[in-house]
Amino acid sequence: MSAANKNFMGRRVVARQARAARAAVARRNAKLVVKAGAYDEELVATANKIASAGRGILAMDESNGTCGLRLDSIGVENTEDNRRAYRQLLVTTPGLGEYISGAILFEETLYQSTTDGKPFVDVLNSQGIIPGIKVDKGLVPMANSNKESWCQGLDGLAERCAEYYKQGARFAKWRSVVNISAGPSDKALQDCAYGLARYAAIAQDNGLVPIVEPEILLDGEHDIDRTLEVASKTWAQTFKFLADQDVLFEGILLKPSMVTPGADSGIKCSPETIAEYTLKMLNRRVPPAVPGIMFLSGGQSELESTLNLNAMNQTPNPWHVSFSYARALQNTVLKTWQGDEANVDAAQTALIGRAKANSMAQLGKYSADGESASAGEGMYEKGYTY
């Protein structure tokens, strides 16, 4: 074969190899492409509306059993009518939408209406408050563990989310817990993170913005450094599994615990210290793509939870840093109401007062001047469940 022919054949081989290499790269890239979800734009819009300046979430998603305990504390019987009456008080509070952007409901509440027949979902939407829904099925004991728990509810979750969306819900909540005093074990941390990621992917696939909540329980005698260590590990695993499940970070919200010492440690930290530790953990673990951090109060007093939130908003953050409080918004409200229709206006005034205080804390402008002594009363319950 002549030298010219050899050169020609060589060029053909090289060209063929190059085409094969390009095809192989194209095939690999095709496998890496994640198809955009049908609800992506809506999810991002919803998450950002909830994470809007000066507003946070009213968590009113206690199970019927837990709501019954609340009612029992004021001498009111746990009936569907009484639960509806109390939740009607909350959702019909005039001006609530100025400070509250979302409300998490229990399934019963999502389908309830006011006494004059207006669905609660419509009442909330009329105030610019986005309805949300608790979708987990609660905590159960984890086998072969040191009294740890795992969260159930993945079975049938897609179908439930689709029905909740039809009913008007636009975001969801799933609460798992991590117990420092029980370890925590690696298998419990992994189960918590994986379950949250699977839930988040399913919720987004059905149009609901998932609130991701691995609560670090206050239970225990540990110091704040131990809480930081466990919280950092928990959120690292959670985001690893969220990424593995192709969850859209721009379409989620987080509901973390604040980094505090254990409730039985006897250690009291200032709001500035709690803010320093909490933001240190979040900056190390949470991508700036996430629109909002909506803290749980976790048994802190109304005053503590507001002061700590205010301390965290004294400097700019890469995300909206706000609240998703239940007891820290409702404790005074419930005591004021006492199950008496004549006290509804006063109870709604109490709710607006707490909502406004936390709104100011979200803006970093809160002052505790004028707070009542009852606002400083702790609400910690060991092993708290919803």
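Quick caveat: nothing in here was measured; it's all calculated off a predicted structure.

K.L.:
Explanation requested: the overall build of the protein in the structure shown.
P.N.:
In terms of regular secondary structure, the protein is built from 13 helices and 10 strands. In the protein, buried positions account for 54% of the 386 residues. Partitioning the intrachain contacts of the protein with sequence separation of at least 6 by distance along the chain shows that 81% fall at a separation of at least 24. Total accessible area computed for the protein in this model is approximately 16,900 Å², and 51% of it derives from carbon and sulfur atoms.

K.L.:
Would you mind going over the packing of aromatic side chains with me for this structure?
P.N.:
Given two aromatic rings, one states the distance between the centres and the angle between the planes to describe the pair. Scanning all chains against the criterion turns up 7 aromatic pairs. Ring geometry for Y194 versus F241: centroids 5.8 Å apart, planes at 80 degrees, classification edge-to-face. Taken together, the residues Y194 in helix α8 (residues 186-205) and F241 in helix α9 (residues 224-244) connect sequence positions 47 residues apart. Note on Y194: relative accessible area 38%, which makes it partly exposed. Residue F241 is classed as buried on the basis of its relative accessible area, which comes to 13%.

K.L.:
It is not clear to me how the pairing of strand β1 (residues 56-60) should be interpreted in this structure. Could you clarify?
P.N.:
Regular strands place side chains that alternate from one sheet face to the opposite one. Taking burial as the measure, the 5 residues of β1 include 5 buried ones, the bulk of the element. Inspection of the sheet shows β1 paired to strand β2 (residues 100-105) by 5 bridges, in the parallel sense. Residue pairing in the sheet places I57 in a bridge with G102 of β2. In this structure, β1 lies alongside strand β10 (residues 320-325), joined through 2 bridges in parallel fashion. Bridging across to β10, I57 finds its partner in S324.

K.L.:
Even after reading the chapter, I still don't get the pattern of salt bridges, so can you show me in this structure?
P.N.:
Oppositely charged side chains are able to pair whenever their charged atoms sit close together. Going through the model one piece at a time under the given rule, you end up with 12 salt bridges. Here R87 ties to E108 by a salt bridge, and the two come within 3.8 Å at their closest N and O atoms. Of the two residues, R87 sits in helix α4 (residues 80-91) while E108 sits in helix α5 (residues 107-110), which places them 21 residues apart along the sequence. The salt bridge involving K173 is made with E213; its shortest N-O contact spans 3.8 Å.

K.L.:
How should the packing of helix α3 (residues 64-72) against α4 be read in this particular structure?
P.N.:
Contact geometry of α3 with α4 gives a least axis separation of 11 Å together with a crossing angle of 80 degrees. By the angle class used here, α3 and α4 are roughly perpendicular. Contact residues: N64, C67 and L71 in α3; N82, R83 and R87 in α4. Here the residues of the contact of α3 with α4 sort into 2 nonpolar, 2 polar and 2 charged.

K.L.:
Explain the sheet that holds strand β8 (residues 253-254) here, please?
P.N.:
Strand pairing in a sheet relies on backbone hydrogen bonds, with the paired strands running either antiparallel or parallel. Read around the closed barrel, 8 strands run β1-β2-β3-β6-β7-β8-β9-β10, paired in parallel fashion. As defined by bridge partners, β2 adjoins strand β3 (residues 130-134) across 4 bridges and the pair is classed as parallel. Among the inter-strand pairings, I104 is bridged to a residue of β3, identified as G132. The sheet contacts of α8 involve β6 (171-178) and β7 (209-216), and relative to β7 the element is tilted by about 165 degrees.

K.L.:
How do you make sense of the environment of A200 when you look at a structure like this?
P.N.:
When you line up the elements, A200 lands in helix α8. Measuring from C-alpha to C-alpha, the distance between A200 and G251 comes to 9.7 Å, with 51 residues separating the pair along the chain. If we ignore the near neighbours within four places in the chain, the residues touching A200 are P210, V212, L242 and V247.

K.L.:
Mind showing me how you'd approach the pairing of β3 here?
P.N.:
In terms of residue burial, β3 counts as a mostly covered element, since 5 of its 5 residues are buried. Sheet topology note: the β3/β6 ladder contains 3 bridges and is parallel. Following the sheet pairing, K134 is matched in β6 by K173.

K.L.:
Looking at this structure, how should I read the nonpolar core?
P.N.:
A general trend in soluble globular proteins is that nonpolar side chains are found buried together. In terms of nonpolar packing, the biggest core is built from 106 residues, with V135, Y199, F239, L242, L254, F295 and W337 touching the most fellow members. With 10 residues, α8 is the largest single contributor of residues to this core. Ignoring any residue separated from it by four or fewer positions in sequence, one finds F239 in contact with F249, I252, L254, R285, V286, P287 and V290.

K.L.:
Help me understand helix α2 (residues 40-50) in this model?
P.N.:
For an α-helix the count is 3.6 residues per turn, leaving residues at separations of three or four pointing the same way. Buried residues of α2: L43, T46, A47 and I50, and no others. For α2, the angular spread of the buried residues around the axis is 95 degrees, confining them to a single face.

K.L.:
Is there a simple way to think about the environment of P214 in this case?
P.N.:
Looking at the element boundaries, P214 is found in strand β7. According to the relative accessible area criterion, P214 is buried, its value standing at 0%. Spatially, the C-alpha atom of P214 lies 7.8 Å from that of L196, the residues being 18 residues apart in sequence. Each residue touching P214, except ones within four places of it in the same chain, is listed here: S176, C192, L196, T234, W235 and T238.

K.L.:
Help me understand the environment of G262, please; the structure alone is not making it clear to me.
P.N.:
Among the structural elements, G262 can be located in the loop between β8 and α10 (271-285). The class of G262 is buried, set by a relative accessible area of 4%. Between the alpha carbons of G262 and L218 there is a distance of 5.0 Å; along the sequence they are 44 residues apart. Dropping the residues within four chain positions of it, G262 is found in contact with L218, G220 and H222.

K.L.:
What is the right way to look at the side chain of S265 in this model?
P.N.:
With respect to the secondary-structure elements, S265 resides in the loop between β8 and α10. At 2.8 Å, the side chain of S265 forms a polar contact with the backbone oxygen of G262. Within the structure, the side chain of S265 is placed 3.1 Å from the backbone nitrogen of I267, a separation counted as a polar contact. When near neighbours in sequence (up to four residues on either side) are disregarded, S265 contacts G220, E221 and H222.

Rules used throughout
Residues numbered from 1 in each chain as written. Predicted model: local features only at pLDDT ≥ 70, side-chain atom pairs only at ≥ 80, totals over all residues. Heavy atoms only, no water. Helix = DSSP H or I, 4+ residues; strand = E, 2+ residues; numbered from the N terminus. Buried < 20%, exposed > 50% of the residue type's maximum accessible area, 1.4 Å probe, protein only. Contact = heavy atoms within 4.5 Å. Areas by Shrake-Rupley, 256 points an atom, 1.4 Å probe, with all protein chains shown as cover. Phe/Tyr/Trp six-rings, centres within 6.5 Å; stacked < 30°, edge-to-face > 60°. Pairing = 2+ DSSP bridges. Salt bridge = Lys/Arg side-chain N within 4 Å of Asp/Glu carboxyl O. Axes fitted to C-alpha atoms, helices over the stretch in contact; angles between N-to-C directions. Parallel < 35°, antiparallel > 145°, perpendicular 65-115°, else oblique. Nonpolar A, V, L, I, M, F, W, Y, C, P; charged D, E, K, R; others polar. Core = buried A, V, L, I, M, F, W, Y, C linked by side-chain atoms within 4.5 Å. Arc of directions from axis to C-beta. Polar contact = N/O pair within 3.5 Å; in protein donor to acceptor, adjacent residues only side chain to side chain.

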